[in-house]
Amino acid sequence: EMVPHLGVEEAIISVLEHTGESAPLAVTGVPDSRKGERLVVVHTPLGKPVADVIKDLARVGVAPLWIPSPDSFVQVDELPLLGTGKLDLRRIKEIAAGARDA
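So, here is what we can say about the structure in this document.

Rules behind the numbers
- Residues numbered from 1 in each chain as written.
- Predicted model: local features only at pLDDT ≥ 70, side-chain atom pairs only at ≥ 80, totals over all residues.
- Heavy atoms only, no water.
- Pairing = 2+ DSSP bridges.
- Helix = DSSP H or I, 4+ residues; strand = E, 2+ residues; numbered from the N terminus.
- Axes fitted to C-alpha atoms, helices over the stretch in contact; angles between N-to-C directions.
- Contact = heavy atoms within 4.5 Å.
- Patch = residues over 30% accessible without salt bridge, like charges linked within 9 Å, V, L, I, M, F, W, Y side chains within 5 Å.
- Areas by Shrake-Rupley, 256 points an atom, 1.4 Å probe, with all protein chains shown as cover.
- Salt bridge = Lys/Arg side-chain N within 4 Å of Asp/Glu carboxyl O.
- Buried < 20%, exposed > 50% of the residue type's maximum accessible area, 1.4 Å probe, protein only.
- Parallel < 35°, antiparallel > 145°, perpendicular 65-115°, else oblique.
- Nonpolar A, V, L, I, M, F, W, Y, C, P; charged D, E, K, R; others polar.

Here we look at the sheet that holds strand β2 (residues 36-43)
Part 1 of the argument: What the three strands build is an open sheet, ordered β1-β2-β3; its pairing is mixed. Taken across any chain shown, the strands that pair with only one partner, and hence form the sheet edges, are β1 (25-32) and β3 (73-75). With direction set aside, neighbouring strand axes in the sheet form an average angle of 30°.
Part 2 of the argument: Its contacts with the sheet put helix α1 (residues 5-18) on β1, β2 and β3, and the angle it makes with β1 is roughly 135°.

Here it is as structure tokens:
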């Protein structure tokens, strides 16, 4: 099924903001042999444990298909940006794929 990455990003940002936290993040998909594609969240420190973020997503009614697994959260010091200041989506995908292969 199609899962909108932006929708997942917004849901995570919303549950973080609800508890006064915030963190730059991006959601991307990487190939997965079982599901076809796996969601990966590349983020700076979240301010709360990933397990709590996942519980909060479920608590507010986010569809299970939209909730990334705990091992699908990859923390970085900062998100990669292009010279224009926009997210470097290619680099985000490389980070996500590298974390999956690690």
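Following the structure, the description resumes.
Some remarks on a nonpolar patch on the surface
Part 1 of the argument: Taken together, Leu81, Leu87 and Leu89 make up a surface patch of nonpolar side chains, about 280 Å² in accessible area.
Part 2 of the argument: Relative to the elements of secondary structure, Leu87 occurs in the loop between β3 and α3 (89-101).
Part 3 of the argument: Since its relative accessible area comes to 30%, Leu87 is described here as partly exposed.

Quick word on the side chain of Thr44
Part 1 of the argument: Its place among the elements puts Thr44 in the loop between β2 and α2 (50-59).
Part 2 of the argument: The buried category is assigned to Thr44, whose relative accessible area is 8%.
Part 3 of the argument: When residues no more than four places from it in sequence are discounted, the contact partners of Thr44 are Ala23, Pro24, Gln75, Val76, Asp77, Glu78 and Leu79.

A word on the packing of α1 against α2
Part 1 of the argument: Put simply, α1 and α2 touch, their axes get as near as 10 Å, and they point 105° apart. As the angle between them shows, α1 and α2 are arranged roughly perpendicular. Contacts between α1 and α2 involve Ala11, Ile12, Val15, Leu16 and His18 on the former and, on the latter, Val53, Asp56, Leu57 and Arg59.
Part 2 of the argument: Grouping the amino acids of the contact of α1 with α2 by side-chain chemistry returns six nonpolar, one polar and two charged.

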